[in-house]
Amino acid sequence: MAEPAGLAAADRPSTLTGAVRAWRDWLASEKRASAHTIDAYERDLEVFLDFLQGHLGEVPEIADLAALKPADFRAWLARRAGGGYAKTSTARALSVVRGFFRFLERREVLSNAAIFAIRGPRIPASVPKALTVGEAADTLQSVGELASEPWIAARDVALVSLLYGAGLRIGEALSLNCGDVPKGDTLSVTGKGNKQRIVPILPAVRSAIEDYLARCPYKGGPDDPLFLGARGKRLQAGVAQRTMRHARGWLALPESATPHALRHSFATHLLAGGGDLRAIQELLGHASLATTQRYTSVDAERLMDVHRRAHPRDR
């Protein structure tokens, strides 16, 4: 997506409030960011601007942003470090602030190279935590047994089957409508940045979805939500997360056993079975192969653990 072009002077934001509004509108219309993402970005920027107000002793305006020095940005990072913010949270906030300054520079509102000279916190490479094949199978069974009503049990089984069997993000699964239900062997999914991808659907997953639809007391049209809550509204992510908490408590699984762990398990088990890394990248909807390559570390860890436990010289 191209960066915003410069505007005529009359169309450039003249106040910081107007600049923030224009940036938010650009994220929604040009970058096609979700409302959730935009709200998170805006919160990060608001925390930065609140810091500046105390740091400068007055409400900051555009001219103040243009005059900031590297020491000012380092003071902000130091405040976050002292305030207990996680390194990952601070790294994201720094990325958001850089993006805001880049947006203003492209709009010819201000220019400040200092923000781009600041180094963020070093983030240790995280390795996705996947369930074992047995744990994934037990989870599929337990979510159905723990539900309060038969149709909700069928819904939970269908949702978990879709997350594990197709590698969907929880938001991608919950945004599906009835008209998206696969009639054949594939499903069209809208992922981050409104990018669409096609994922194969296993017969067992399709069967679980069909069973849920047959049992669901709410019959919707093609544009109605596929996964529904107890009151017939679109199922919220918090409900799905609570379902996984109950299941992992029942099965004595670690806290890392979340809905997103099912997506990690999908990728890890495909890779362990000989799946091609590029193909897995496409199935997951990763923009970068580097993101998918994290799963090679997961599989390597598993192999090393097997080696340590099984090799006679390790006994």
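Residues numbered from 1 in each chain as written. Predicted model: local features only at pLDDT ≥ 70, side-chain atom pairs only at ≥ 80, totals over all residues. Heavy atoms only, no water.

Draft legend 1. Representation of the side chain of N177. Tracing the backbone through its elements, the reader meets N177 in the loop between helix 8 (170–174) and strand 1 (186–190). Separated by 2.8 Å, the side chains of N177 and R234 make a polar contact. If near-sequence neighbours (up to four positions away) are discounted, N177 is found in contact with P222, D223, D224, P225, L226 and R234. (Helix = DSSP H or I, 4+ residues; strand = E, 2+ residues; numbered from the N terminus. Polar contact = N/O pair within 3.5 Å; in protein donor to acceptor, adjacent residues only side chain to side chain. Contact = heavy atoms within 4.5 Å.)

Draft legend 2. Main features of the packing of aromatic side chains. Across all of its chains, the model carries 9 aromatic pairs by this definition. Taking the centre distance of 5.9 Å and the plane angle of 80 degrees together, the rings of W151 and Y218 count as edge-to-face. Of this pair, W151 sits in helix 7 (residues 150–166) while Y218 is found in the loop between helix 9 (203–215) and helix 10 (237–251), placing the two residues 67 residues apart along the sequence. With a centroid separation of 5.6 Å and 15 degrees between ring planes, the pair formed by Y212 and F227 is classed as stacked. One end of the pair, Y212, is in helix 9; the other, F227, is in the loop between helix 9 and helix 10, and 15 residues separate them in sequence. The rings of W23, F48, F73, W76, F100 and F101 are connected pair by pair, giving a single aromatic cluster. Over the ring of Y85 we find R80; its NZ or CZ atom is 3.9 Å from the centre of that ring. Positioned over the ring face of W151 is R155, at 5.9 Å from the centre of the ring. (Phe/Tyr/Trp six-rings, centres within 6.5 Å; stacked < 30°, edge-to-face > 60°. Lys NZ or Arg CZ within 6 Å of the ring centre and 35° of its normal.)

Draft legend 3. Representation of the pattern of salt bridges in the model. Using the criterion set out here, one finds 8 salt bridges in the structure. The salt bridge involving E172 is made with R197; its shortest N-O contact spans 2.8 Å. Placement of the pair is E172 in helix 8 and R197 in strand 2 (residues 196–200), with a sequence separation of 25 residues. Both residues of the pair, E172 and R197, belong to the buried class. In this structure, D185 engages R206 in a salt bridge whose closest nitrogen and oxygen atoms are separated by 3.4 Å. Residue D185 is located in the loop between helix 8 and strand 1, and its partner R206 is located in helix 9; the two are separated by 21 residues in the primary sequence. (Salt bridge = Lys/Arg side-chain N within 4 Å of Asp/Glu carboxyl O. Buried < 20%, exposed > 50% of the residue type's maximum accessible area, 1.4 Å probe, protein only.)

Draft legend 4. Representation of the pairing of strand 1. Judged by which residues are buried, strand 1 turns out to be one-sided: L187 and V189 face inward and are buried, whereas T186, S188 and T190, on the alternate face, are not. Alignment of strand 1 against strand 2, held across 5 bridges, turns out to be antiparallel. Its bridge partner lying in strand 2, T186 is registered against P200. (Pairing = 2+ DSSP bridges.)

Draft legend 5. Up close: the packing of helix 7 against helix 9. Between helix 7 and helix 9, the shortest axis-to-axis distance is 8 Å and the interhelical angle comes to 155 degrees. It follows that helix 7 is roughly antiparallel to helix 9 by the angle criterion. Once helix 7 is placed against helix 9, the crossing between them reads as left-handed. In this structure, helix 7 uses P150, W151, A154, R155, V157, A158, S161, L162 and G165 to contact helix 9, whose residues at the interface are V205, A208, I209, D211, Y212 and R215. By residue class, the composition of the contact of helix 7 with helix 9 is 10 nonpolar, 2 polar and 3 charged. (Axes fitted to C-alpha atoms, helices over the stretch in contact; angles between N-to-C directions. Parallel < 35°, antiparallel > 145°, perpendicular 65-115°, else oblique. Left-handed = near helix turned anticlockwise from the far one by under 90°. Nonpolar A, V, L, I, M, F, W, Y, C, P; charged D, E, K, R; others polar.)

Draft legend 6. How the structure looks around helix 2 (residues 35–56). Over its 22 residues, helix 2 extends 31 Å from the first C-alpha to the last, a length consistent with the 32 Å expected when each residue adds 1.5 Å. Three or more residues of helix 2 are buried, namely I38, A40, D44, L45, F48, L49, F51 and L52. Residues of helix 2 that are buried in the fold lie against helix 1 (16–29), helix 3 (62–66), helix 4 (70–82) and helix 5 (87–106). (Expected span 1.5 Å × (residues − 1).)

Draft legend 7. Region of the structure containing the nonpolar core. Judged by nonpolar contacts, the single largest core of 38 residues is most densely connected at L159, L162, L168, L187, Y212 and F227. Secondary structure elements with two or more residues in this core: helix 6 (133–146), helix 7, helix 8, strand 1, helix 9 and helix 10. With 10 residues, helix 7 is the single largest residue contributor to this core. Each residue touching Y212, except ones within four places of it in the same chain, is listed here: W151, A154, R155, A158, L226, F227 and L228. The next biggest cluster of nonpolar side chains, apart from the first, holds 32 residues, and it includes I38, F51, F73 and L110. (Core = buried A, V, L, I, M, F, W, Y, C linked by side-chain atoms within 4.5 Å.)

Draft legend 8. Local environment of the environment of R231. Relative to the elements of secondary structure, R231 occurs in the loop between helix 9 and helix 10. A sequence separation of 13 residues divides R231 from Y218, and the C-alpha atoms of the two residues are 9.1 Å apart.

Draft legend 9. Highlighting unusual backbone geometry. If you check the backbone angles, E108 has positive phi at about 60 degrees while not being a glycine. With respect to the element layout, E108 can be found in the loop between helix 5 and helix 6. What makes E108 partly exposed here is its relative accessible area of 46%. Positioned with a positive phi, A252 is a non-glycine residue whose angle comes to about 60 degrees. Along the polypeptide, A252 turns up in the loop between helix 10 and helix 11 (259–272). On the basis of relative accessibility, which here comes to 68%, the residue A252 falls in the exposed class.

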